[in-house]
Amino acid sequence: MNKIGIVTSGGDAPGMNAAIRAITRVACSKGVMVLGFERGWDGVITNTFTELTPRNVGGILHLGGTILRTSRSPNFRKHEGVKKAAKVLEHNQVDGLITIGGDGSMRGALELCKVSGTKVVGIPATIDNDVYGTEESIGFDTAVNTAIGEIDKIRDTANALERIFVVEVMGRKRGFLALTIGLTVGAEVILVPEVPYTIEDVVQTLETNRNKGKRSGIIVAAEGIGDTYKILKQIEQAAGMETRMTIMGYSQRGGSPTARSRLLANLFAEKAVELLINNQGKCMVGLENGEVTCTDLKTVCNNEKMLNLDLLKLAKTLAT
Ligand code: F6P
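Residues numbered from 1 in each chain as written. Predicted model: local features only at pLDDT ≥ 70, side-chain atom pairs only at ≥ 80, totals over all residues. Heavy atoms only, no water.

Student: What should I look at first to understand helix α4 (residues 103–115) in this one?
Tutor: One turn of an α-helix holds 3.6 residues; hence residues three or four places apart share an orientation. Here α4 contains 13 residues, and its C-alpha end-to-end distance of 19 Å stays within 8% of the 18 Å for a straight helix at 1.5 Å per residue. When we look at burial in α4, the residues that qualify are S105, M106, G108, A109, L110, L112 and C113. At its buried positions, α4 is contacted by α2 (41–45), α3 (79–91), β4 (96–101), β5 (119–124), β10 (283–288) and α10 (297–302). (Helix = DSSP H or I, 4+ residues; strand = E, 2+ residues; numbered from the N terminus. Expected span 1.5 Å × (residues − 1). Buried < 20%, exposed > 50% of the residue type's maximum accessible area, 1.4 Å probe, protein only. Contact = heavy atoms within 4.5 Å.)

Spelled out as structure tokens, the structure:
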């Protein structure tokens, strides 16, 4: 393994830069050259890269986003694009490629493996934490902490004016972010796409709370449950309580990575480089039972990560 490439693709996640820095420094310490492809898979297709060195990745550890930039490349969704990327990698004699991103990036990596001789290793990095094969992805912890900071503030005003707040958080079609955020802010209600609910159930919970003297509340809703504003209006009407809405939005994707996100980035990067040096590929590194593991990309792409429903039960118990 003489030369490896790095690509960050899909939605950015805090800690991607920490991973880029760690890959570069671990690889260079073993005499392996590192190329950073720009703007996700587009940079591979268009042969746009810069050489990364231990020095030029300095000062990025604490930065959100990705210095390589990223994209959701429509060209790479086409077979022609994947073949072009494989050719570019071959032309540049890139022996190994590390793909940092979410489930879409892992699917892209698997497609590339089908047509390319370059070994590919994935590193899960997405605030959604929805990638199979790892308990946690880079960026998730940062996004949770960003939301906690905001919702704690919302709680103050909710208490002061005795209002119900619906706070919509990201997560695409999955509820991992909403569940962890909801549990850790002590939300009265958590709505996730994986668990069916009715407006009546939500109103019942709020009314029970009101009868206990709890006149305000936080409902954390995953964006994947649908039109959260409509849901808020239905709740307001049925419960007869004053409600307000906050959409967390893209601030959850930015900011300086937490210690946890940086730690994962470092551990995943070290393992990914080690795998490539041992000539292994077509896999994704991950965290399982506290250990850094490696799972076949096919398994990653063909399985759905399950939401821990025990946590939802616990959240309900604690929100009484
Ligand atoms: O996958 C990360 C994520 O932030 C999701 O939580 C969100 O639904 C999506 O990306 C937004 O995508 P885009 O950046 O393309 O608007």
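There's more to say after this.
Student: Explanation requested: the site of the ligand in the structure shown.
Tutor: Taken together, R72, I127, D128, M170, G171, R172, E223, Y250 and R253 make up the full set of residues adjacent to the ligand. A distance of 3.1 Å separates an oxygen atom of the ligand from a polar atom in the backbone of G171. The contact in question runs from an oxygen atom of the ligand to an N or O atom on the side chain of R253, over 2.8 Å. Contact with the protein chains removes 77% of the 400 Å² of surface that the ligand exposes when unbound. Structurally, the ligand is housed in the largest pocket. Per-class residue counts for the shell around the ligand are three nonpolar, one polar and five charged. The residues that make up the shell around the ligand include at least three from each of domain 1 (3–139 + 257–301) and domain 2 (142–253). (Near = heavy atom within 4 Å. Polar contact = N/O pair within 3.5 Å; in protein donor to acceptor, adjacent residues only side chain to side chain. Areas by Shrake-Rupley, 256 points an atom, 1.4 Å probe, with all protein chains shown as cover. 1 Å grid on protein atoms, 1.4 Å probe; cavity = no way out; pocket = protein on both sides within 12 Å on 5 of 7 lines; lining within 4 Å. Sits in = over half its atoms within 2 Å of the grid points. Nonpolar A, V, L, I, M, F, W, Y, C, P; charged D, E, K, R; others polar. Domains from an automatic or database assignment.)

Student: What exactly am I supposed to notice about the environment of G64 here?
Tutor: You can see G64 is positioned in the loop between β3 (49–52) and α3. Sequence separation between G64 and K282 is 218 residues, and the spatial gap between their C-alpha atoms is 27 Å. Those residues in contact with G64 that lie beyond four places of it in its chain are N17, G255, S256 and P257.

Student: Before we go on, may I ask you to explain the sheet that holds β5 in this structure?
Tutor: Remark on secondary structure: sheet strands pair via backbone hydrogen bonds, oriented parallel or antiparallel. With mixed pairing, the seven strands of this open sheet are ordered in space as β3-β2-β1-β4-β5-β10-β11. Each edge of the open sheet carries a strand with a single partner, namely β3 and β11 (291–296). When the angles between neighbouring strand axes are averaged without regard to direction, this sheet yields 30 degrees. Sheet analysis places strand β1 (residues 3–8) next to β4, joined by five bridges and oriented parallel. Along β4, the bridge assignment pairs V7 with T99. (Pairing = 2+ DSSP bridges. Axes fitted to C-alpha atoms, helices over the stretch in contact; angles between N-to-C directions.)

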